Amino acid sequence: MGRACRALIALAGTWLAGAAVHAAPPPAPAVKIFVPFMAGGEADGSARNFIQSATRVGGLGFEIIHLTAESGAAAGRAVKQAASDGQTLLLARVGSVAILPALSPGTAPPVGDFTVLALLDQAPLICAVRTGTPVLSMRELLAAIEATPGKLRYSTAGAGTLQNLAVRYLLALSGLPADAAKPLHFGQGSLATQALLNGEVDFSCNNARTMVPAVQSGSLRALMTTAQGRLKSLPRLQNAAELGLRDMQQLQGWSALLGPAGMPVQAVQRWRSVLDKVAADPEWQAGTETMGASPRIQAIKDPTQYLRQQAQFYERLVTTLEARP
């Protein structure tokens, strides 16, 4: 081999070694976020809104996994059993980690089985009837239910959902029996609202996400919200406390970000730093409000305590209503 050839090979080796030293590090593995309900619903919307913001402000990559088996319990178990390095998280909903464990103890992992990172958003329920019906107020609706026991129908996303428990609790607080109104279950909140619009049911207490647009368009007449205070989108709508039903305000839809139990302090701090950036992101705030929810990352200072209180509330509620299958 000639001297010139050997020199070129040596130069090439030096260049390759330098390139290796300065090469960009391999991309971090995507964070897996398990969603316990199907695409298109409130949980999916909350997850995607968070992921878009965390990608934008935190430079992270994500993989979203919808695992809906056993009413979402499978998603909770997948995260509970994952490594506690902060790379596998759960987009929890009130139904998956508060209501389901109360209805079916041992089926779904409860809040206490996770590391709570943040409450992301919170959305009240709105109770409504179709515009054009003679019912003009919540008092009139309850009077109509009492006058025609078992006749009026209401829509829900399922027997074990927030919407169904809310109406059952409303009846109980009003001194009416559980069968005073008849539930019809439609699998998703959006379908429950559509059933009301279609005239398949007489009323519904559903998440604000699907109710607000129909109220604003004049298709539905809102009677009450479980919000704390008045809604910005419907400022004239009375809340439950104003109508003497204060305890109904505990019934709210919410999303939380949870990790496996025992996450190292460094991993928790890393996520809370990302969450602070997300909370300050105007696009995340706007996306949350578009879903009919309120941003709560920084508003709820102790999310672990809040979620535990919610779990205890639904445990008492399910027992009071004798709602376990």
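Residues numbered from 1 in each chain as written. Predicted model: local features only at pLDDT ≥ 70, side-chain atom pairs only at ≥ 80, totals over all residues. Heavy atoms only, no water.

Looking at an unreviewed UniProt entry, one finds the protein named Tripartite-type tricarboxylate transporter receptor subunit TctC and attributed to Roseateles saccharophilus. In the Sequence similarities (unreviewed entry) part of its UniProt record, the protein is described as follows: "Belongs to the UPF0065 (bug) family." (UniProt positions renumbered as here; feature names shortened; annotations may be inferred.)

### Digging into the overall build of the protein
For the protein, the count of helices and strands is eleven helices and ten strands. Expressed along its principal axes, the backbone C-alpha trace of the protein runs to roughly 105 × 40 × 35 Å. Looking at the 325 residues of the protein, the share that counts as buried comes to 48%. Nonlocal contacts in the protein, meaning residues at least 24 apart in sequence, comprise 75% of its contacts between residues at least 6 apart. A total of about 15,200 Å² of accessible surface is found on the protein, and carbon and sulfur atoms cover 55% of it. Between the mean site of the 28 positive side-chain charges and the mean site of the 21 negative ones, the protein shows a separation of 5 Å. (Helix = DSSP H or I, 4+ residues; strand = E, 2+ residues; numbered from the N terminus. Buried < 20%, exposed > 50% of the residue type's maximum accessible area, 1.4 Å probe, protein only. Contact = heavy atoms within 4.5 Å. Areas by Shrake-Rupley, 256 points an atom, 1.4 Å probe, with all protein chains shown as cover. Lys, Arg positive; Asp, Glu negative; His and termini not counted. Charge placed at Lys NZ, Arg CZ, Asp CG, Glu CD.)

### What about the packing of aromatic side chains?
Evaluated as defined, the whole model comprises seven aromatic pairs. Taken together, a centroid distance of 6.1 Å and an interplanar angle of 70° make the contact between Phe50 and Phe62 edge-to-face. Placement of the pair is Phe50 in helix H2 (residues 42-58) and Phe62 in strand S2 (residues 62-66), with a sequence separation of twelve residues. Assigned by exposure class, Phe50 and Phe62 land together as buried. Each ring, one from Tyr169 and one from Phe313, has its centre 6.1 Å from the other, and the planes form 70°; the classification is edge-to-face. With Tyr169 in helix H6 (residues 162-173) and Phe313 in helix H11 (residues 303-321), this residue pair connects regions lying 144 residues apart in the sequence. The buried category is assigned to Tyr169, whose relative accessible area is 11%. Among the aromatic side chains, those forming a connected cluster through ring pairs are Phe50, Phe62 and Trp271. (Phe/Tyr/Trp six-rings, centres within 6.5 Å; stacked < 30°, edge-to-face > 60°.)

### Comments concerning the pattern of salt bridges
Side chains carrying opposite charge are able to pair once their charged atoms draw close together. Scanning the entire structure with this criterion turns up nine salt bridges. The partner of Arg56 in a salt bridge is Glu283, with the nearest N and O atoms 3.4 Å apart. Taken together, the residues span a long stretch of sequence, with Arg56 in helix H2 and Glu283 in helix H10 (residues 282-290) at a distance of 227 residues. Overlapping salt bridges bring together Arg56, Asp281 and Glu283 as one network. (Salt bridge = Lys/Arg side-chain N within 4 Å of Asp/Glu carboxyl O.)

### Digging into the packing of H2 against H10
Where H2 contacts H10, the axes come no closer than 9 Å and their chain directions differ by 175°. Taken together, the axis directions place H2 and H10 in an arrangement best described as roughly antiparallel. Facing H2, whose interface residues are Asn49, Phe50, Ser53 and Arg56, H10 presents Glu283, Trp284, Gly287 and Thr288. Looking at the contact of H2 with H10, its residues break down into two nonpolar, four polar and two charged. (Axes fitted to C-alpha atoms, helices over the stretch in contact; angles between N-to-C directions. Parallel < 35°, antiparallel > 145°, perpendicular 65-115°, else oblique. Nonpolar A, V, L, I, M, F, W, Y, C, P; charged D, E, K, R; others polar.)

### Some remarks on the state of the cysteines
The final tally for this structure, using the stated rule, is one disulfide. For Cys127, the disulfide goes to Cys205, at an S-S distance of 2.0 Å. Across the disulfide from Cys127 to Cys205, rotation about the S-S bond amounts to roughly 110°, and the bridge is consequently right-handed. With a gap of 78 residues between them, Cys127 in strand S4 (residues 114-130) and Cys205 in strand S7 (residues 203-207) connect regions that are remote in the sequence. One exposure class covers both Cys127 and Cys205, and it is buried. (Disulfide = S-S within 2.5 Å.)

### Section: the nonpolar core
Membership of the largest hydrophobic core comes to 55 residues, with the highest contact counts inside it found for Ile145, Leu251 and Tyr314. Counting residues in hydrophobic clusters, the runner-up holds 25 residues, among them Ile33, Val35, Ala54 and Trp271. (Core = buried A, V, L, I, M, F, W, Y, C linked by side-chain atoms within 4.5 Å.)

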